[in-house]
Amino acid sequence: MKLPGQEEFEVSSACENVPTGELENGPGSCPSPDGTSDTDRGDRGVPTDSLLFIQLNELLGWPQALEWRETGRWVLFEEKLEVGAGRWSVPHVPTLALPSLQKLRSLLAEGLVLLDCPAQSFLELVEQVTRVESLSPELRGQLQALLLQRPQHLIQPTGTRPCQGSAHPREASHNEEAPLKEQRQNPLRQKLPPGAEAGAVLAGELGFLVRPLGAFVRLRDPVVLGPLIEVPLPSRFFCLLLGPSTLGRGYHEMGRAMAVLLSDRQFQWSVRRASSLHDLLAALDAFLEEVTVLPPGRWDPTARIAPPKCLPSQHKRLLSQLREVKGPSAQHGALAEDRHGHWPHAPSPELQRTGRLFGGLVQDVRRKALWYTSDFLDALHPQCFSAVLYIYLATITNAITFGGLLGEATNGAQGVLESFLGTAVAGAAFCLMAGQPLTILSSTGPVLVFERLLFSFSRDYSLDYLPFRLWVGIWVATFCLALVATEASVLVRYFTRFTEEGFCALISLIFIYDAVGKMLSLTSAYPIQSPGSPAYGCFCQYPDLGGNESQWKKTEPKDRDDISSMDLGLVNASLLPPPECARRGGHPRGPGCHIVPDIAFFSVLLFLTSFLIATALKHVKTSRFFPSVVRKVLGDFSSVLAMLLGCGLDSFLGLATPKLMVPSEFKALECFQPVVHAHVLLPPTTQGLGTGPTLPGRGWLVSPFGANPWWLSVAAALPALLLSILIFMDQQITAVILNRAEYKLRKGAGFHLDLFCVAVLLLLTSVLGLPWYVSATVISLAHMDSLRRESTACVLGEPRSFLGIREQRLTGLVVFILTGASIFLAPVLKFIPMPVLYGIFLYMGVAAISSIQFTKRVQLLLMPAKHQPDLLLLRHVPLSRVHLFTAIQLACLGLLWIIKSTPAAIIFPLMLLGLVGVRKALEWVFSPQELLWLDELMPEKERNIPEKGLEPEYSLSGDTEDVSRRMGPLRRRGQEWGGPS
């Protein structure tokens with residue numbers, strides 16, 4: 001028999017079996033045991049109760065030497081005492097025999113039930129429990145002495161021997177009510193959260209009893225019951241199940257059944273609020289109505305079901321209880337919760353119109369000002385140090401990459417120096433002023449494409465590029481400020497997951513494509529040598545000695561294997577290595593003399609090593625290896641450790657792999673002449689000292705006109721309009737992705753404030769002739785991933801729950817300050833191989849594209865139906881419709897990639913905007929219910945579709961009448977309970 005909700009435990013991909021809004025949690029980012037955090041439950045009106053630790057003490061040794069021994073313990077899952085091995089079993093999902101629950105119900109119905117018992121010690125509790133008429137005074141005394149006997153616990157504190165309690169009966173004294181030293185040192189105590197309570201179940205066979213004795217006690221005030229519980233927790237529940245000897249292990253199974261009942265959150269909720277025996281039995285009956293029975297012979301009863309990676313939500317069961325208490329008023333909210341798989345949330349306050357000019361901006365400033373101090377104090381955590389190193393190296397690599405590409409695209413008008421300076425200035429200013437400081441500003445692929453087109457247009461029509469670019473930037477800043485003034489950012493509500501996934505997949509593929517492309521380009525700089533290739537061969541030519549006829553004779557080697565020295569026709573040459581040739585007075589000649597053939601292969605090795613190590617260390621965090629502290633450190637510092645290992649391997653072999661190079665000082669370049677490795681994004685050569693920009697002949701301030709006609713300042717509004725669309729889409733889609741509800745951000749977003757900051761920085765960078773910057777999707781996602789907060793207290797068998805993101809401004813600010821200071825760190829940074837950084841780029845791209853539901857649906861296209869994961873999506877939408885939706889997304893992604901890579905890239909901003917139109921058109925192809933699971937409903941669709949139109953078979957809860965019926969026994973007591981406080 002399986003317990004309530006357990007039918008969902010064995011779903012192959014538990015964390016994926018949620019609607020689309022919950023798919024990006026990633027590995028190890030599951031909700032708390034009941035599906036949400038305590039804070040969320042409290043905000044939603046769901047009562048919160050303390051976590052309960054349940055212990056089963058069994059009476060053994062009848063009739064020779066009776067002793068109490070702890071044989072099981074529960075929090076969420078069961079742990080059994082493995083006596084032979086002297087250890088606790090791994091946590092597993094408990095299974096029960098149905099008769100044990102039925103017998104337990106009968107025993108409780110005839111036994112003693114004390115609710116809100118005022119006992120203040122274990123001795124008082126024992127006296128209360130033994131006051132039953134069926135016990136004679138003599139038996140009562142024997143039973144009290146037996147119950148006061150100290151139980152045996154398997155406690156093994158660090159560095160000590162296992163502690164076994166005394167088996168001799170003894171009366172409890174005042175000192176025995178205090179926790180023992182072994183209890184305080186129990187490592188299990190660290191796994192339980194503050195405020196946890198205990199429940200004790202005592203079960204066994206007692207020969208001198210004539211009839212069964214059952215008692216259930218709920219203490220009014222939790223009390224530490226001395227050594228009864230292995231952890232010194234205040235006890236809330238006490239259950240006694242004793243009786244005469246029977247065949248089998250009846251009382252043991254009844255004790256397990258009682259412990260499993262108390263470990264069930266919904267049963268706890270009911271029992272904590274019960275006021276009579278009838279309420280207790282009603283809660284047990286409600287539990288029985290939800291159990292699932294496994295037929296005998298179809299499974300192994302001794303098999304242990306492993307805990308799921310992500311626990312299913314318990315809200316539907318709890319809501320049904322609340323409906324019984326509160327009445328039909330809770331019905332509407334419950335249906336909404338069932339339909340979406342999570343609680344319905346009100347529209348974000350950041351996306352509500354105020355109806356005033358710059359009203360949204362003012363609201364964002366007021367909202368974020370309340371958190372400004374904590375934005376710096378919250379960064380005082382070691383995890384932020386790892387995030388700074390990780391994002392810093394990614395940022396400078398990105399700056400060098402786009403600086404080199406921008407230099408090639410603009411013929412040196414902008415280069416690596418401008419890229420470093422602009423990244424530092426714009427990024428630091430954004431982190432100080434923005435509404436979402438976790439965003440990382442950077443040059444992006446779409447903006448680089450626009451820069452290339454703008455320069456080509458200026459060159460073809462003999463225009464001064466930088467003045468023309470200045471006016472384009474002025475117009476773009478003006479348009480963006482107009483969008484801020486009119487609160488246009490509220491339109492991001494129409495950016496559904498379809499649009500977000502298309503854009504995120506495009507940017508991620510650009511990262512992957514560039515990382516792999518730069519690695520493959522190394523084979524041109526360091527060609528692979530093979531016999532017969534044009535670059536193969538290097539000979540040592542000796543100087544002409546004059547008149548020596550032996551120089552003109554072709555000699556054969558004495559041995560076919562001895563070809564280290566031979567005469568080749570007209571010149572005296574040998575196949576000596578170049579250093580040996582020079583030592584003997586010769587001159588190396590040939591195309592392969594100065595090429596090291598190992599560099600290309602070793603660079604690929606570094607590239608793959610850094611990528612695989614970063615991926616593996618990230619997964620260590622959720623593995624079973626190493627203690628939890630070690631796993632957390634390895635997971636948080638995965639990228640940094642991968643870089644250090646790559647640098648160490650490169651230094652050990654000493655090969656001349658291409659290294660990271662940054663400008664060592666502010667220099668003016670006489671000309672932009674990329675070095676021989678420009679295709680692998682090494683910086684240009686520098687000639688001449690100074691403090692000016694890359695392009696000679698201009699200062700840091702761009703002239704507004706130059707040689708351009710005055711009317712060009714007006715005509716620049718046309719390309720600026722297209723760039724404004726691109727900036728708005730790029731910035732706001734990234735902002736929507738970063739501010740999704742599954743990241744559990746507490747401090748809110750700032751869509752209007754972020755766009756305002758980007759507009760001001762666009763104006764500043766245009767005046768200074770620096771690159772334009774906008775939110776970088778992949779690096780920003782990597783930044784947030786490096787700041788994930790997880791629970792520190794994990795109960796036995798429970799994975800660490802995702803708590804949210806460490807929201808602060810300091811990591812981004814330090815990253816950009818270090819980027820500006822990188823000019824002075826060049827002697828250190830020059831030891832970092834570029835292939836290692838390309839591997840980290842590949843890791844970021846793969847991590848970003850793997851986190852979206854689109855990737856999982858693409859994988860479904862390649863899987864036979866019988867091997868597909870049991871996603872809830874596939875339970876409610878036909879597979880053919882899922883494939884059709886995925887094919888449309890693939891077609892849109894392919895079209896965006898083609899347009900980006902062709903001269904038609906000028907319309908790329910319009911194509912991004914067109915994704916919203918395509919999504920709107922899909923409402924003619926897919927039903928609202930299908931779009932609810934595949935994507936999201938648009939705002940007006942949510943208003944126009946009646947609630948009843950989304951209730952049928954697609955509802956998570958199935959038949960709503962069946963949901964109402966499940967807690968039928970509690971319906972009769974709803975009014976008597978009076979509802980939760």
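An unreviewed UniProt entry annotates the protein as Anion exchange protein 4 of Panthera pardus. Quoted straight from UniProt, the Subcellular location (unreviewed entry) entry for the protein says "Basolateral cell membrane". In UniProt, the protein has this text filed under Sequence similarities (unreviewed entry): "Belongs to the anion exchanger (TC 2.A.31) family."

Participant: Sorry, what's going on with the overall build of the protein here?
Facilitator: A tally of regular secondary structure across the protein gives 38 helices and 16 strands. Going through the 981 residues of the protein one by one, you find that 54% of them count as buried. Pairs at least 24 apart in sequence give 77% of the contacts found in the protein among residues at least 6 apart. Counting every atom, the protein has about 42,200 Å² of accessible surface; 62% of that belongs to carbon and sulfur.

Participant: I keep staring at unusual backbone geometry and nothing clicks. Help me out?
Facilitator: Backbone phi values are negative for most residues with the exception of glycine, while trans is the configuration of most peptide bonds. The phi angle at Ser-462 is positive, at roughly 55°, despite the residue not being glycine. By the element assignment, Ser-462 lies in the loop between helix H16 (445-460) and helix H17 (465-485). Even without being a glycine, Phe-626 presents a positive backbone phi close to 70°. Relative to the helices and strands, Phe-626 resides in the loop between helix H20 (598-620) and helix H21 (628-636).

Participant: Looking at this structure, how should I read helix H9 (residues 277-290)?
Facilitator: The periodicity of an α-helix, 3.6 residues per turn, causes residues three or four places apart in sequence to face the same way. Compared with the 20 Å implied by 1.5 Å per residue over 14 residues, the 21 Å span of H9 between its first and last C-alpha is a close match. Of all 14 residues in H9, 10 are buried; the element is thus mostly enclosed. By the burial criterion, the buried members of H9 are Asp-279, Leu-280, Leu-281, Ala-282, Ala-283, Leu-284, Asp-285, Ala-286, Phe-287 and Glu-290.

Participant: I'm lost on the packing of helix H18 (residues 497-525) against helix H26 (residues 777-785) in this one. Help?
Facilitator: Two quantities define a packed helix pair, namely the angle between the axes and the distance from one axis to the other. Closest axis-to-axis distance for the H18/H26 pair is 9 Å, and the angle between their directions is 95°. Our classification of the angle between H18 and H26 gives roughly perpendicular. In this structure, H18 uses Phe-503, Cys-504, Ile-507, Ser-508 and Phe-511 to contact H26, whose residues at the interface are Thr-777, Val-778, Ile-779 and Leu-781. Residue composition of the contact of H18 with H26, by class: seven nonpolar, two polar and no charged.

Participant: Quick question: what am I supposed to make of the nonpolar core here?
Facilitator: As a rule of thumb, soluble globular proteins bury nonpolar side chains together. Counting residues in hydrophobic clusters, the biggest one holds 143 residues, and the most contacted among them are Val-472, Ile-727 and Met-844. Listed in part, the 44 residues of the second largest apolar core include Val-93, Phe-122, Val-132 and Leu-188.

Participant: Hey, could you run me through the packing of aromatic side chains in this one?
Facilitator: The relation between two aromatic rings is expressed through the spacing of the ring centres and the mutual angle of the planes. Tallied over the full model, the rule gives 11 aromatic pairs. Between the aromatic rings of Phe-455 and Tyr-465, the centroid separation amounts to 5.2 Å while the plane-to-plane angle is 80°, which identifies the pairing as edge-to-face. Of this pair, Phe-455 sits in helix H16 while Tyr-465 sits in helix H17, placing them 10 residues apart in sequence. Residues Phe-455 and Tyr-465 agree in their burial class; the two are buried. Summarising the aromatic geometry, the rings of Phe-498 and Phe-885 are spaced 5.8 Å apart at their centres and angled 70° between planes, so their arrangement reads as edge-to-face. Placement of the pair is Phe-498 in helix H18 and Phe-885 in helix H32 (residues 879-900), with a sequence separation of 387 residues. The burial state of Phe-498 is the same as that of Phe-885; both residues are buried. An aromatic cluster is present here, built from Phe-457, Tyr-461 and Phe-468 joined pairwise through their rings. A cation over an aromatic ring shows up here: Arg-469 above the ring of Trp-772, its NZ or CZ 4.1 Å from the ring centre. Looking at Lys-900, its charged tip hangs above the ring of Trp-897, at a distance of 4.6 Å from the centre.

Participant: Explain the sheet that holds strand S5 (residues 112-117) to me, please; I cannot follow it from the model alone.
Facilitator: The strands making up a sheet associate through backbone hydrogen bonding, with each pair oriented either parallel or antiparallel. Spatial ordering of the open sheet is given by S4-S3-S2-S1-S6-S8-S7-S5, a layout of eight strands whose pairing is mixed. Whereas interior strands pair on both sides, the edge strands pair on one side only; in this sheet they are strand S4 (87-88) and S5. As paired strands, strand S7 (residues 213-223) and strand S8 (residues 235-243) are joined by seven bridges and run antiparallel to one another. Within S8, the position partnered with Val-223 by the bridge is Ser-235.

Participant: Is there a simple way to think about the environment of Phe-376 in this case?
Facilitator: Of note, Phe-376 is situated in helix H13 (residues 374-377). Residue Phe-376 is classed as partly exposed on the basis of its relative accessible area, which comes to 24%. Here the alpha-carbon distance between Phe-376 and Glu-807, two residues 431 residues apart in the chain, equals 9.1 Å. Beyond its immediate sequence surroundings of up to four residues, Phe-376 is in contact with Leu-432, Arg-809, Leu-810 and Leu-813.

Participant: Got a minute to help me understand the confidence of the model for the protein in this structure?
Facilitator: Low pLDDT means the predicted atomic positions in that stretch should not be read closely. In the predicted model, the protein carries a mean pLDDT of 75, and the fraction of residues at 70 or more is 73%. Helix H36 (residues 960-966) is the least confidently modelled element of the protein, averaging 35 in pLDDT, while helix H25 (residues 751-768) averages 93, the highest of any element. The low-confidence segment residues 157-176 (pLDDT under 50) makes 35 contacts with residues lying over four places distant or belonging to another chain. Throughout residues 546-571 the model reports pLDDT below 50, and contacts reaching past four residues in sequence, or to other chains, amount to 25 contacts.

Participant: In this structure, what is going on with the pattern of salt bridges? I would like to understand it.
Facilitator: A pair can form between side chains of opposite charge whenever their charged atoms are brought close. Under the defined criterion, the tally for this structure stands at 30 salt bridges. Across the pair Asp-49 and Arg-273 runs a salt bridge, and its minimum N-O distance is 3.2 Å. On the criterion of sequence distance, the pair formed by Asp-49 in the loop between helix H1 (38-43) and strand S1 (52-60) and Arg-273 in the loop between helix H8 (265-272) and H9 is long-range, its members being 224 residues apart. Residue Asp-49 is classed as partly exposed on the basis of its relative accessible area, which comes to 28%. The salt bridge involving Lys-920 is made with Glu-923; its shortest N-O contact spans 3.5 Å. Classification of Lys-920 as partly exposed rests on a relative accessible area of 34%. Residue classification places Glu-923 among the buried positions, given a relative accessible area of 18%. Through salt bridges with shared partners, a single network forms among Asp-375, Asp-378, Arg-746, Lys-747 and Arg-809.

Participant: Looking at this structure, I do not really get H18. What am I missing?
Facilitator: Relative to the 42 Å expected for 29 residues at 1.5 Å per residue, H18 spans 42 Å between its end C-alpha atoms, a close match to the ideal helical length. In terms of burial, H18 is largely enclosed, as 21 of its 29 residues are buried.

Participant: Please explain the pairing of S1 as it appears in this structure.
Facilitator: In summary, the side chains of a regular strand alternate between the two faces of the sheet. Burial of S1 is extensive: eight of the nine residues sit out of reach of the surface. Judged from the eight bridges that link them, S1 and strand S6 (residues 197-205) form a sheet pairing that is parallel. Pairing of Leu-52 across the sheet is with Glu-197, part of S6. The pairing of S1 with strand S2 (residues 67-74) spans seven bridges and is antiparallel.

Participant: Any chance you could explain a nonpolar patch on the surface here in plain terms?
Facilitator: Residues Phe-705, Trp-710, Trp-711 and Val-714 make up a contiguous nonpolar surface patch of about 480 Å² in total accessible area. Its location among the elements puts Phe-705 in the loop between helix H22 (638-653) and helix H23 (712-715).

Participant: What exactly am I supposed to notice about the environment of Arg-497 here?
Facilitator: Here Arg-497 lies in helix H18. C-alpha separation for the pair Arg-497 and Val-736, spaced 239 residues apart in sequence, amounts to 9.6 Å.

Participant: Hey, could you run me through the packing of H20 against H21 in this one?
Facilitator: Contact pair H20 / H21: the axes reach a minimum separation of 7 Å and the direction vectors enclose 145°. Where H20 crosses over H21, the handedness of that crossing is left-handed. On H21, the residues touching Leu-617, Lys-618 and Val-620 of H20 are Arg-631, Leu-634 and Gly-635. Here the residues of the contact of H20 with H21 are counted per class, giving three nonpolar, one polar and two charged.

Analysis parameters
- Residues numbered from 1 in each chain as written.
- Predicted model: local features only at pLDDT ≥ 70, side-chain atom pairs only at ≥ 80, totals over all residues.
- Heavy atoms only, no water.
- UniProt positions renumbered as here; feature names shortened; annotations may be inferred.
- Helix = DSSP H or I, 4+ residues; strand = E, 2+ residues; numbered from the N terminus.
- Buried < 20%, exposed > 50% of the residue type's maximum accessible area, 1.4 Å probe, protein only.
- Contact = heavy atoms within 4.5 Å.
- Areas by Shrake-Rupley, 256 points an atom, 1.4 Å probe, with all protein chains shown as cover.
- Expected span 1.5 Å × (residues − 1).
- Axes fitted to C-alpha atoms, helices over the stretch in contact; angles between N-to-C directions.
- Parallel < 35°, antiparallel > 145°, perpendicular 65-115°, else oblique.
- Nonpolar A, V, L, I, M, F, W, Y, C, P; charged D, E, K, R; others polar.
- Core = buried A, V, L, I, M, F, W, Y, C linked by side-chain atoms within 4.5 Å.
- Phe/Tyr/Trp six-rings, centres within 6.5 Å; stacked < 30°, edge-to-face > 60°.
- Lys NZ or Arg CZ within 6 Å of the ring centre and 35° of its normal.
- Pairing = 2+ DSSP bridges.
- pLDDT = per-residue confidence, 0-100.
- Salt bridge = Lys/Arg side-chain N within 4 Å of Asp/Glu carboxyl O.
- Patch = residues over 30% accessible without salt bridge, like charges linked within 9 Å, V, L, I, M, F, W, Y side chains within 5 Å.
- Left-handed = near helix turned anticlockwise from the far one by under 90°.

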